[in-house]
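Spelled out from the first residue to the last, the chains are:
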Amino acid sequence: MAIYQATASAPVNIACIKYWGKRDTKLILPTNSSLSVTLDQDHLRSTTTSRADSSFKHDRLWLNGTEEEIKEGGRLATCIAEMRRLRRDVEKKAGTPQISEYPVHISSHNNFPTAAGLASSAAGFAALVASLGALYELPASPSDLSVIARQGSGSACRSLFGGFVAWEMGSKADGSDSRAVEVAPRAHWPDLHALICVVSDDKKGTSSTSGMQRTVETSALLQHRIKEVVPARMRAIAEAIQARDFPAFARLTMADSNQFHAVALDTEPPIFYMNDVSRAIVALIVEYNRAVVAAGGEIRAAYTFDAGPNAVIYAPAAHIKEIVELVVGYFPQTQPFKDVFSLFAGAQPLGGVPVGFNAAVAKKFEAGAVKGLIHTRVGDGPRVLGSEDALLGADGLPKVQA
């Protein structure tokens, strides 16, 4: 008997021009366009296995081994229903297995903390859609699939591509033109790396979903942002990416992170996603860039913060080692640095500041204030994996993860 199953992984993406606010909460249509960098799945990914079987009683989904309710009319149910709709179109061709009405079992696993400000829902819904797309053998393009992933989690649409990705806000009421498009592939600028500073792996106090709608309803600054600021920044950062102009990319990325958190503060009541550790990281990067420029160089690092305290620091590969030393100097680690790019040749970073750096810009924190550092780089889009990577066992239930 045929087994209808597919496994796919999808990446995390971190926005440089932020998405914050919906014009339609059901379809997840944004108030502004956004742009992100896709990170390498070798380091951060969500993996999902989907199986369709006539013997299953109903649709079921497990996240990291725990079953999650698929609520009728909810985001998960919407994505599954939309993928089934596309499969029914495929089944109009004679001889195609009629599996669209079979119940599905779906098992998903993140190799990073869920709901901790590391874009777990974006990777998760992208992996769900990629897995179902492979299961149903859909001819749809990544941009077409992004329209469905967007209805699960807005930012998920950008995880359907690798490299540098824009989510075009669109204008149609049905959301058909609110989709992700590739700005440049990974191969265009492979030298761009990222250092993630995990400040907290706790669940957020104010979720993105509730936070952004409070902002839409109460922030006067948001209206200026979406009408005047974001359109110009979207054009400028696309040009910087095409030119591989890191200083321009960095200035725009940091400015937009700052404004996103200003808009959160402009919300009633105000929302605070960054904390003292986050602000100290900002101070370090600002001073690092100042010292480099004062010595005749160019900006070497860009911070950005999503809806949480974790920092993502973008930099050309050649400067990541120096940035790791800088961060470790102020935020001693309790766990060894996972040196996936062999920056330290088997040793561990000891901490230090570059020449001309004003060490008084921030205090040294206690060990563990930054819980961990993840070094990664720009990466590719979803990958269809083999049966050896399947998360469901022969019985259609999740395997025990090692």
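Worth saying up front: this structure is predicted, and the values here are computed from it rather than measured.

Give me the lowdown on the overall build of the protein chain, citing residues and values where you can.
For the protein chain, the helix and strand inventory stands at eight helices and 16 strands. Its C-alpha atoms give the protein chain a radius of gyration of 21 Å, near enough to 21 Å, the size a compact globule of 402 residues would have. A principal-axis box enclosing the C-alpha atoms of the protein chain has dimensions of 70 × 50 × 40 Å. Sorting the 402 residues of the protein chain into buried and exposed places 54% on the buried side.

Kindly report on the pattern of salt bridges, identifying the contributing residues and their values.
This structure, assessed with the given rule, holds 18 salt bridges. With a shortest N-O distance of 3.0 Å, Arg-383 and Asp-380 are connected by a salt bridge. For Asp-380, a relative accessible area of 24% gives the class partly exposed. Overlapping salt bridges, with partners in common, bring together Asp-40, Asp-42, Arg-186, Arg-377, Asp-380 and Arg-383 in one network.

Tell me about the sheet that holds strand 14 (residues 311-316), and name the residues and values.
Within a sheet, neighbouring strands are paired by backbone hydrogen bonds and run either parallel or antiparallel to one another. If you trace the four strands from one edge of the open sheet to the other, you get 13-14-12-15, paired in antiparallel fashion. Each edge of the sheet is formed by a strand with only one pairing partner; in this case those strands are strand 13 (302-305) and strand 15 (372-377). Going across the sheet, the axis of each strand differs from the next one's by a mean of 25°, ignoring polarity. Across the sheet, helix 7 (residues 276-294) is in contact with strand 12 (192-198), strand 13 and strand 14; its angle to strand 13 comes to roughly 160°.

How would you summarise the sheet that holds strand 11 (residues 179-184) if you had to cite specific residues and measurements?
Spatially, four strands are ordered 2-5-10-11 in an open sheet, and the strand pairing comes out antiparallel. Edge positions in the sheet fall to strand 2 (13-17) and strand 11, since each of these pairs with one other strand and no more. On average, each strand axis in the sheet is tilted by 35° relative to the strand beside it, whichever way the strands run. One ladder, built from five bridges, connects strand 10 (residues 164-168) with strand 11; its direction is antiparallel. Across the sheet, residue Trp-167 finds its bridge partner in strand 11, namely Ala-180.

Run through the packing of aromatic side chains, naming residues and quoting values.
Applying the stated criterion across every chain, the model contains 13 aromatic pairs. Look at Phe-249 and Tyr-314: their rings are 5.8 Å apart centre to centre, the planes differ by 70°, and that puts the pair in the edge-to-face class. Taken together, the residues Phe-249 in helix 6 (residues 246-265) and Tyr-314 in strand 14 connect sequence positions 65 residues apart. For the residue pair Phe-249 and Tyr-314, the accessibility class agrees, reading buried in each case.

Summarise the pairing of strand 5 (residues 34-38); cite the residues concerned and give the values.
With five of five residues buried, strand 5 is to be regarded as a mostly interior element. The alternating pattern of strand 5 places Ser-34, Ser-36 and Thr-38 and Leu-35 and Val-37 on opposite faces, both of which are buried. With four bridges connecting them, strand 2 and strand 5 associate as antiparallel partners. Its bridge partner lying in strand 5, Ala-15 is registered against Ser-36. By the bridge criterion, four bridges tie strand 5 to strand 10 in an arrangement that is antiparallel.

Rules of the game
Residues numbered from 1 in each chain as written. Predicted model: local features only at pLDDT ≥ 70, side-chain atom pairs only at ≥ 80, totals over all residues. Heavy atoms only, no water. Helix = DSSP H or I, 4+ residues; strand = E, 2+ residues; numbered from the N terminus. Rg over C-alpha atoms; globule rule 2.2 N^0.38 Å. Buried < 20%, exposed > 50% of the residue type's maximum accessible area, 1.4 Å probe, protein only. Salt bridge = Lys/Arg side-chain N within 4 Å of Asp/Glu carboxyl O. Pairing = 2+ DSSP bridges. Axes fitted to C-alpha atoms, helices over the stretch in contact; angles between N-to-C directions. Contact = heavy atoms within 4.5 Å. Phe/Tyr/Trp six-rings, centres within 6.5 Å; stacked < 30°, edge-to-face > 60°.

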